Amino acid sequence: MSEALIQIEYDGPIAILSNNRPEKHNAANDAMDAQLWEALAELAARPGLRAIVWRGNGKSFSSGRDTTELGVRTEDISDFDFIERGHAGAQHFFTMPCPILAVLKGWVIGGSFERALLCDMRIAGEGARMMLPEIRHGVVPDSGGTARLFQMAGHGLVTDLALTGRPLDAEEALRHGIVSRVVPDDKLDETALEIARAIASNSAFAVKMFRREIGRLASAGVQQSIREEAVNQSLVFASSDYAEFKAARAANREPKYRNR
């Protein structure tokens, strides 16, 4: 049996989904991604589910893509098809029949931060640190986070985060509306479950209709952006600059980019 990199538990009509690679700060690899999509498909088909809490075991929600696997294909698949497959799994964030609450603690980085942004709500522990470091690794954000952050906080902040790769702390994220609450780290899971129970106590049909309306307002632009990101990232992977980035990293030297 393969290792459970994504765990599912239930509290009545609430599912608790946990990233389970704590020794790596829940850095995502191919196997973990596959289990996440399988878990979301399972939850989407579960009758009577009223809310999902998505959290991480250990110190962090997720430190993003495992950098040892960045740009590495473990099977015979093109970069574009690999990215599109991940995007197909991410559609569950838009189509899930109940709300998803992302519970952010420790490091919340890269694609994992972007996926959390696709959830219905986010709360953060006081020690949470969010980042979009992709450009520092020679690639671009490609999981919908650019569009969602643009909706939430505008051009200036998303450009700042993406082009500098700097960390965003929980209080700044709260000021920009990226998270709706900041709580002490030791109260984070307890608070998340309280919120999920409050949602689950409401009329399921009323919740569904609200999410339908908020989705109409917000999701179409993000989904369009994701489709464009798949093309952009494929071009980056095929570029001379990305090849130079990898060569420079392997040789422990400064890269010499040619802008192509």
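A. Up close: the sheet that holds strand β3 (residues 51-56). Pairing is mixed in the open sheet, where 6 strands are placed in the order β1-β2-β3-β4-β6-β9. At either margin of the open sheet sits one strand with a lone partner, and together these are β1 (6-11) and β9 (181-183). Averaged over all neighbouring strand pairs, the angle between strand axes comes to 20°, with direction disregarded. Relative to strand β4 (residues 100-104), β3 runs parallel, the two being bridged by 3 bridges. Along β4, the bridge assignment pairs W54 with A102.

B. Looking closely at the environment of P22. In this fold, P22 is placed in the loop between β2 (14-19) and α1 (30-44). Taking C-alpha positions, P22 is 16 Å from D189, a pair spaced 167 residues apart along the chain. Look past the residues within four positions of P22 in its chain and what remains in contact with it is N57 and G58.

C. Region of the structure containing the packing of helix α5 (residues 145-153) against helix α6 (residues 155-164). Two numbers describe how α5 lies on α6: the axes approach to 7 Å, and their chain directions differ by 140°. By the angle between their directions, the pair α5 and α6 is classed as oblique. Taken together, the residues of α6 that come into contact with α5 (itself represented by T146, L149, F150 and A153) are H155, L157, V158 and L161. Taken together, the residues of the contact of α5 with α6 sort by class into 6 nonpolar, 2 polar and no charged.

D. Quick peek at the state of the cysteines. As enumerated under the stated definition, the model contains 0 disulfides in all. For the unlinked cysteine C98, the closest cysteine sulfur is that of C119, found at 11 Å.

Basis of the calculations
Residues numbered from 1 in each chain as written. Predicted model: local features only at pLDDT ≥ 70, side-chain atom pairs only at ≥ 80, totals over all residues. Heavy atoms only, no water. Pairing = 2+ DSSP bridges. Helix = DSSP H or I, 4+ residues; strand = E, 2+ residues; numbered from the N terminus. Axes fitted to C-alpha atoms, helices over the stretch in contact; angles between N-to-C directions. Contact = heavy atoms within 4.5 Å. Parallel < 35°, antiparallel > 145°, perpendicular 65-115°, else oblique. Nonpolar A, V, L, I, M, F, W, Y, C, P; charged D, E, K, R; others polar. Disulfide = S-S within 2.5 Å.

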